[in-house]
Amino acid sequence: MGPAAAWRAGLGRVRRAPALLFGGWLITIIAAAPAMWAVRSAIEAHLGRSLEAERAADSVNYEWWQEFASQASGPAGTFTPSILGFAAPLGNLSSVADALPLPSGVVAAVGGFVVLQIFLAGGIVDRFARDTRLGSYGFLAACGATFFRLLRLGIIALAIYKLLFMFARPAMDAVQRSWTQDFTVERHAFAAYALTTIAFILVVAAVNLVVDFAKIRLVVEDRRSAIGALASGLRFVARQPLAAAGLYGINVLVFAAVLGLYAIVAPSAAVSGWALVWTLLVMQLFILARLWARLVFVASETALFQSRLAHAWYVARPIPARPAPATVDMSQSRI
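Residues numbered from 1 in each chain as written. Predicted model: local features only at pLDDT ≥ 70, side-chain atom pairs only at ≥ 80, totals over all residues. Heavy atoms only, no water.

K.L.:
Can you break down the nonpolar core residue by residue, with the values?
P.N.:
The nonpolar side chains of soluble globular proteins are, as a tendency, buried together. Leu-20, Ile-124, Phe-128, Leu-150, Phe-213, Leu-295 and Leu-304 are the most contacted members of the largest nonpolar core, which totals 52 residues. Elements with a contribution of two residues or more to this core: α1 (3-15), α2 (18-47), α6 (107-130), α7 (135-180), α8 (186-220), α9 (226-239), α10 (241-265) and α11 (275-309). Dropping the residues within four chain positions of it, Phe-128 is found in contact with Arg-13, Val-14, Ala-17, Leu-20, Leu-295, Val-298, Ala-299 and Thr-302. Within the second largest apolar cluster, 6 residues are counted, among which are Leu-259, Val-282, Phe-286 and Ala-293. (Core = buried A, V, L, I, M, F, W, Y, C linked by side-chain atoms within 4.5 Å. Buried < 20%, exposed > 50% of the residue type's maximum accessible area, 1.4 Å probe, protein only. Helix = DSSP H or I, 4+ residues; strand = E, 2+ residues; numbered from the N terminus. Contact = heavy atoms within 4.5 Å.)

As structure tokens, then:
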């Protein structure tokens, strides 16, 4: 199975598992609800019953927004103009690329959501690998069976990413500065910066690709060792470089297309009335589209792995059977 065929297979597996898409969307909304309520309460307390409150209700008041942001703390500190429209995903990507620390008020919430994603990852890969309905019991059983293994793998991956941003990125920045110290043309300096940044992104993408296949191999083959799964993922990518990289590239392009479409239809801040309903709808559709792209990413990589090393729908661990309800044999009872 080639990269294009694997992507189409992954697309079909996602289409046959709509509960994962809408369940993921619902979990995202529920997980974000406490932070949203905290921001709402902080805004309400700051505005009170004032003329500024009326102006803020009618349109965006940047003067008040700057005043609020200067004294906000906790989740309310994330309420900045960068959350508007297409600036939000761009800001997130920029923060990841520059390794910027998370705001202190959301570290716990983000950490909890990441742990929840790790817990669900085992069930998601298991569902896509079998391409058959597991039911809530089977899905949660797969999540629980692989959680601690995937958690160990995630900690190892986090350490690798940390080392890359601590050492590889500064080294590439030093190379870029040495190249451009004698440049007098701005576009030449920008080209050098773009070249080193692209090189670093490719290194991070290669690590991400290995971690993805390590995760899939750990679940599909029911491996116990996170380090062993990571080594197996590295071997798989080394033996199938064109197929793995080609599929990764297709999925990146699909995700970029989702971002591009959102950039076209993303609402602006200057909306009011019924336009707010359209704004909310577009934002929720973007969350769904982003989740869909990520699920296709996982499903297509699972399909490629199974086609190259096993066979379609191969999973080492049997589907757990729901325990039979307890019964009482009344024929042996004595009165």
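K.L.:
Tell me about the side chain of Arg-130, and please be specific about residues and values.
P.N.:
Tracing the chain through its elements places Arg-130 in helix α6. Here Arg-130 falls in the buried class, since its relative accessible area comes to 12%.

K.L.:
Describe in detail the environment of Met-172, supporting the description with residues and values.
P.N.:
Relative to the helices and strands, Met-172 resides in helix α7. Between the C-alpha atom of Met-172 and that of Phe-200, which follows or precedes it by 28 residues, the distance is 7.4 Å. Discounting chain neighbours no more than four positions away, the residues touching Met-172 are Thr-196, Ala-199, Phe-200 and Val-203.

K.L.:
Tell me about the pattern of salt bridges, residues and numbers included.
P.N.:
On inspection of all chains with the given rule, the structure shows 7 salt bridges. A salt bridge links Arg-130 to Asp-126, with the nearest nitrogen and oxygen atoms 2.6 Å apart. Of this pair, Arg-130 and Asp-126 both sit in helix α6, separated by 4 residues, roughly a single helical turn. In this structure, Arg-130 and Asp-126 share a single accessibility class: buried. Salt bridges linked by common partners bring Arg-16, Arg-127 and Asp-131 together as one network. (Salt bridge = Lys/Arg side-chain N within 4 Å of Asp/Glu carboxyl O.)

K.L.:
If you had to explain the packing of aromatic side chains to someone new, which residues and values would you point to?
P.N.:
Throughout the structure, instances matching the rule amount to 7 aromatic pairs. Judged by centre distance (5.8 Å) and plane angle (70 degrees), the rings of Phe-119 and Phe-147 are edge-to-face. With a gap of 28 residues between them, Phe-119 in helix α6 and Phe-147 in helix α7 connect regions that are remote in the sequence. Accessibility expressed as a relative area gives 13% for Phe-147, which makes it buried. Ring geometry for Tyr-262 and Phe-286: centres 4.0 Å apart, planes at 15 degrees, overall stacked. Residue Tyr-262 is found in helix α10, and its partner Phe-286 is found in helix α11; the two are separated by 24 residues along the sequence. These aromatic residues form a ring-pair network of at least three members: Phe-119, Phe-147 and Phe-148. The positively charged end of Arg-294 is found above the aromatic ring belonging to Phe-297, 5.3 Å away from the centroid. (Phe/Tyr/Trp six-rings, centres within 6.5 Å; stacked < 30°, edge-to-face > 60°. Lys NZ or Arg CZ within 6 Å of the ring centre and 35° of its normal.)

K.L.:
Tell me about the side chain of Gln-306, and name the residues and values.
P.N.:
Tracing the backbone through its elements, the reader meets Gln-306 in helix α11. Judged by relative accessible area, which is 0%, Gln-306 ranks as buried. In this structure the side chain of Gln-306 is engaged in a polar contact, spanning 3.1 Å, whose partner is the backbone oxygen of Ala-129. (Polar contact = N/O pair within 3.5 Å; in protein donor to acceptor, adjacent residues only side chain to side chain.)

K.L.:
Let's hear about unusual backbone geometry: which residues, and what values?
P.N.:
With phi around 55 degrees, Asp-131 is a residue other than glycine that occupies positive phi space. One non-glycine residue, Asp-222, lies in the positive phi region at around 55 degrees. Turning to its location among the elements, Asp-222 is positioned in the loop between α8 and α9.

K.L.:
Give me the lowdown on the packing of α1 against α10, citing residues and values where you can.
P.N.:
Two elements in contact, α1 and α10, have axes whose closest approach is 8 Å; the angle formed by their N-to-C orientations is 50 degrees. Looking at the two axes, α1 sits oblique to α10. You can see that α1 and α10 cross each other, and the crossing is right-handed. In contact with Pro-3, Ala-4, Ala-6 and Trp-7 of α1, α10 contributes Leu-242, Ala-243, Gly-246, Leu-247, Ile-250, Asn-251 and Val-254. Within the contact of α1 with α10, the residues separate by chemical class into 9 nonpolar, 2 polar and no charged. (Axes fitted to C-alpha atoms, helices over the stretch in contact; angles between N-to-C directions. Parallel < 35°, antiparallel > 145°, perpendicular 65-115°, else oblique. Left-handed = near helix turned anticlockwise from the far one by under 90°. Nonpolar A, V, L, I, M, F, W, Y, C, P; charged D, E, K, R; others polar.)

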